[in-house]
Every structure is written in C-alpha cells, then in structure tokens.
Amino acid sequence: MKAIVFEKYGLPEKVLICKEVAKPIPKENKVLIKIQATAVNDYDWSLVRGKPYLFRLMYGLSKPKYRIPGMELSGTVEDIGSNVQKLKVGDEVFGDISKYGFGTFAEYISINENAVIKKPNELSFEAAVAIPHASTLAIQALRDIGEIKEGQKILINGGGGGVGTIGLQVAKLNNCEVTGVDSREKLDLMTSLGFDHVIDYKKVNFTKTGEQYDIILDCKTNKSTFSYLRALKLNGKYVTIGGNLFNLIRVLFWGKLVPIFSTKKLQILSLKPNEGLDYICELLKQNKIKPEIDGPYPIEDTPRLIQYFGDGKHKGKIVIKMSV
C-alpha cells in the first residue's frame, strides 16, 4: 500500500517520502480501515520535526517510533479482528485516532475499534475527516470549559484555521459577538464566514486594544500570560488548545495561581478525542455548521501540506484524499 513515511526528524519536505509499505493485518480488537481521506494537524507538524523536544520523549528520542504520521481519518472497514464487537466489514467510519496511535497518511490502517465511530451517511468522506479533531477542540473549549452563554463576546486567536472556523459557528449558535485574529491573507475569508470583527495579528496586538472578552479561545498561545488577563472581562475565561510550549507552561503555572486573586481563569484544554462528536454530527446533519475545507489534495502532496500548515497559510482544515 502507499504511505507517507519518515525515518528521522526534520522539515517535512526533507524527511517525508511517499513509498509502498506492507498492508497491515488486523488482530483481535482491531479493524482494518481502507482510508478514503485524512487531514493535517498540529500533531503532524510537531511529530515530523520532533519539536518541541518534549515530543521526542513520548514518540522516540533519536528517531520516530511511528514511521507513518497522521491522526484523523474517514474510510471503510475492510476487515476485522476476532474480538471486534462494534463494527463490521463495510461500515463507513471516521475519527481522531490519536489516543491509540498514528498512521493515517496511508491507504490502510489497522487500529483499535474504539478509535473511530460510524460516519453519518449525510457526510462525505472529505467533510467527515475535517471534523473530529478541530470540532471537538472547539466544543470542549467553548462549551465544556468556557461555558459559553447567549450574547457573549468571544475572541478566537487563529480564527482562520480548522478549530477557529468551527469555533466561530459554535459561538454564532449562541448569538455571540465574535472577533477573529489571524494573518491578513485569511481576513476576507473570515469575514465571509461570519466573524463580526477581524484582526491582522501582524498589525494589531489584540491584548492592547482595550477590548475585553468573555471567552478567549487561543489556538496560538503567542502572547504573555498577563496580557491575556488584561483582555478578559471579570469572570472571563481564557482557554488555549496549543501553541508555543514555553507560553503553555506559563499558562499552566499562572492558571493555578490567578484564581486566588482574580475572578478570571486561565486553562489549557486537554483534549478528549472524539468526545462531543455525536453532538457535532447532529449540528452537521441539521446544516447548522459545516467544515471549511482547504483541499482536497492528493496524498503525494502531504510533505508540502504539513509545511504549509506549519507556515500558517492554510484556510480551514487541510484535507487529503487518497484518490483525487
């Protein structure tokens, strides 16, 4: 089968190659999935480069433990192990598989049956694969931690990416006023999607405008911790989903101390893969939200696309289709 493989850490276009590898055979509680589409995520950008170096402690010090990156898929169950209970051959499935491993930049994968759920018939494979990681991050950040309420003021730092575009739609379901921050090249798209206000991060530091927000959903974590506090209303909540490691450590540290002297809160989201996905699927089926897709692209473009993601040039979710 065709797969994107790397043997050492480095820049995607230098270390990733497309080659033929052995097709896996499912064992016991695993299913063999013929992958129809996959997507690019921050995990892929970090995993391939081995940066931040914390990733190497988890995924291989000197060389990668997982030779095939990728953590989201949509596809069809082609074979099942002897102990599989929930799925059968022919089921169309999708999901964020990161709890069980990596390897979706390939034509097939053998993975624990609990890593995926059944795909709604209403969703194409391309639309389905754009949903699991980004939408659950948005839902868990805004609904579960942020406790979003009607009419609040929301800011999304990184509003033009996969999480930001879904987060906008979730906020609009609650009639919130939403500000999006991203690069100049994405602002027109963000305005067309429904952001009430857009900010070019290179020109304006949103923490210094004097505006304050009920919730800040941060996909970048590229500011000082106390600047976020300045941009929050009383009882406001800041939730980060990732970004600069040093800044994340500071958010973690101050997040425990700030509640002692303030009603504001700082928190890092620890994602629960696929949790809330059933709710998102209902919204999709009712046409209340839809993913913004950048692509689909062929699998051979994966090295370039991971670099494209790392450069922050993508608009919405980068989707890769196995046959375009």
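Residues numbered from 1 in each chain as written. Predicted model: local features only at pLDDT ≥ 70, side-chain atom pairs only at ≥ 80, totals over all residues. Heavy atoms only, no water.

**Observations regarding the pairing of strand S4 (residues 72-80)**
One ladder, built from seven bridges, connects strand S3 (residues 30-39) with S4; its direction is antiparallel. Across the sheet, Ile35 pairs through a bridge with Gly75, a residue of S4. Here five bridges tie S4 to strand S5 (residues 92-96), and the two strands are oriented antiparallel to one another. When the sheet's bridge partners are listed, Glu72 is paired in S5 with Asp96. (Pairing = 2+ DSSP bridges. Helix = DSSP H or I, 4+ residues; strand = E, 2+ residues; numbered from the N terminus.)

**Re the packing of aromatic side chains**
Within the structure shown, the criterion is met by eleven aromatic pairs. Relative to Tyr59, the ring of Phe55 has its centre 5.7 Å away and its plane inclined at 50°; by these criteria the two rings are tilted. Here Tyr59 and Phe55 lie together in helix H3 (residues 54-59), a separation of four residues that amounts to about one turn. Accessibility classification places Phe55 together with Tyr59 in one group, the buried group. Cluster of aromatic residues (ring-pair linked, three or more members): Tyr43, Phe55, Tyr59, Tyr66 and Phe102. Lys23 extends its terminal NZ or CZ atom over the ring of Tyr108, reaching a point 4.2 Å from the ring centre. (Phe/Tyr/Trp six-rings, centres within 6.5 Å; stacked < 30°, edge-to-face > 60°. Buried < 20%, exposed > 50% of the residue type's maximum accessible area, 1.4 Å probe, protein only. Lys NZ or Arg CZ within 6 Å of the ring centre and 35° of its normal.)

**Quick word on the packing of helix H5 (residues 132-145) against helix H10 (residues 277-285)**
Running from N to C, H5 and H10 point in directions that differ by 105°, and their axes come no closer than 10 Å. Looking at the two axes, H5 sits roughly perpendicular to H10. Contact residues: Pro132, Ser135, Thr136, Ile139 and Arg143 in H5; Leu277, Tyr279 and Ile280 in H10. Of the residues assigned to the contact of H5 with H10, the class counts are five nonpolar, two polar and one charged. (Axes fitted to C-alpha atoms, helices over the stretch in contact; angles between N-to-C directions. Parallel < 35°, antiparallel > 145°, perpendicular 65-115°, else oblique. Contact = heavy atoms within 4.5 Å. Nonpolar A, V, L, I, M, F, W, Y, C, P; charged D, E, K, R; others polar.)

**Focus on the pattern of salt bridges**
Tallied over the entire structure, the rule returns 16 salt bridges. The salt bridge involving Glu147 is made with Lys237; its shortest N-O contact spans 2.4 Å. Of this pair, Glu147 sits in the loop between H5 and strand S8 (153-157) while Lys237 sits in strand S12 (residues 232-240), placing them 90 residues apart in sequence. On the basis of relative accessibility, which here comes to 42%, the residue Glu147 falls in the partly exposed class. The residue Lys153 makes a salt bridge to Glu211 at a minimum N-O spacing of 2.6 Å. Note that Lys153 is positioned in strand S8 and Glu211 in the loop between strand S10 (197-200) and strand S11 (213-218), a separation of 58 residues in sequence. Overall, Lys153 belongs to the buried group, its relative accessible area being 16%. Exposure remark for Glu211: the relative accessible area of 39% places this residue in the partly exposed category. (Salt bridge = Lys/Arg side-chain N within 4 Å of Asp/Glu carboxyl O.)

**A closer look at the layout of surface pockets**
Size it by volume and the second largest pocket reaches roughly 300 Å³. If you trace the second largest pocket, you find 17 residues lining it, with Ile68, Phe102, Gly103, Ile109 and Ser110 closest to the centre. Here the lining of the second largest pocket takes five residues from strand S6 (residues 108-112), the largest share from any one element. Counted by class, the lining of the second largest pocket contains ten nonpolar, four polar and three charged residues. (1 Å grid on protein atoms, 1.4 Å probe; cavity = no way out; pocket = protein on both sides within 12 Å on 5 of 7 lines; lining within 4 Å. Points joined across faces, edges and corners; volume = space filled by probe spheres on them.)

**Some thoughts on the packing of H5 against helix H6 (residues 162-173)**
Put simply, H5 and H6 touch, their axes get as near as 8 Å, and they point 50° apart. With respect to each other, H5 and H6 are oriented oblique. Of the two possible hands of crossing, H5 and H6 adopt the one that is right-handed. Taken together, the residues of H6 that come into contact with H5 (itself represented by Ala134, Ser135, Leu137, Ala138, Ile139 and Leu142) are Gly162, Val163, Ile166, Gly167 and Val170. For the contact of H5 with H6, the per-class residue count stands at eight nonpolar, three polar and no charged. (Left-handed = near helix turned anticlockwise from the far one by under 90°.)

**Digging into helix H11 (residues 302-310)**
Of all nine residues in H11, seven are buried, a share of seventy percent or more. Every buried residue of H11 is accounted for by Thr302, Pro303, Leu305, Ile306, Gln307, Tyr308 and Phe309. Where the residues of H11 are buried, they touch strand S1 (2-5), helix H1 (12-15), helix H2 (42-49), strand S14 (293-298) and strand S15 (317-321). Directly beyond the C-terminal end of H11, a positive phi value near 70° is found at Gly312.

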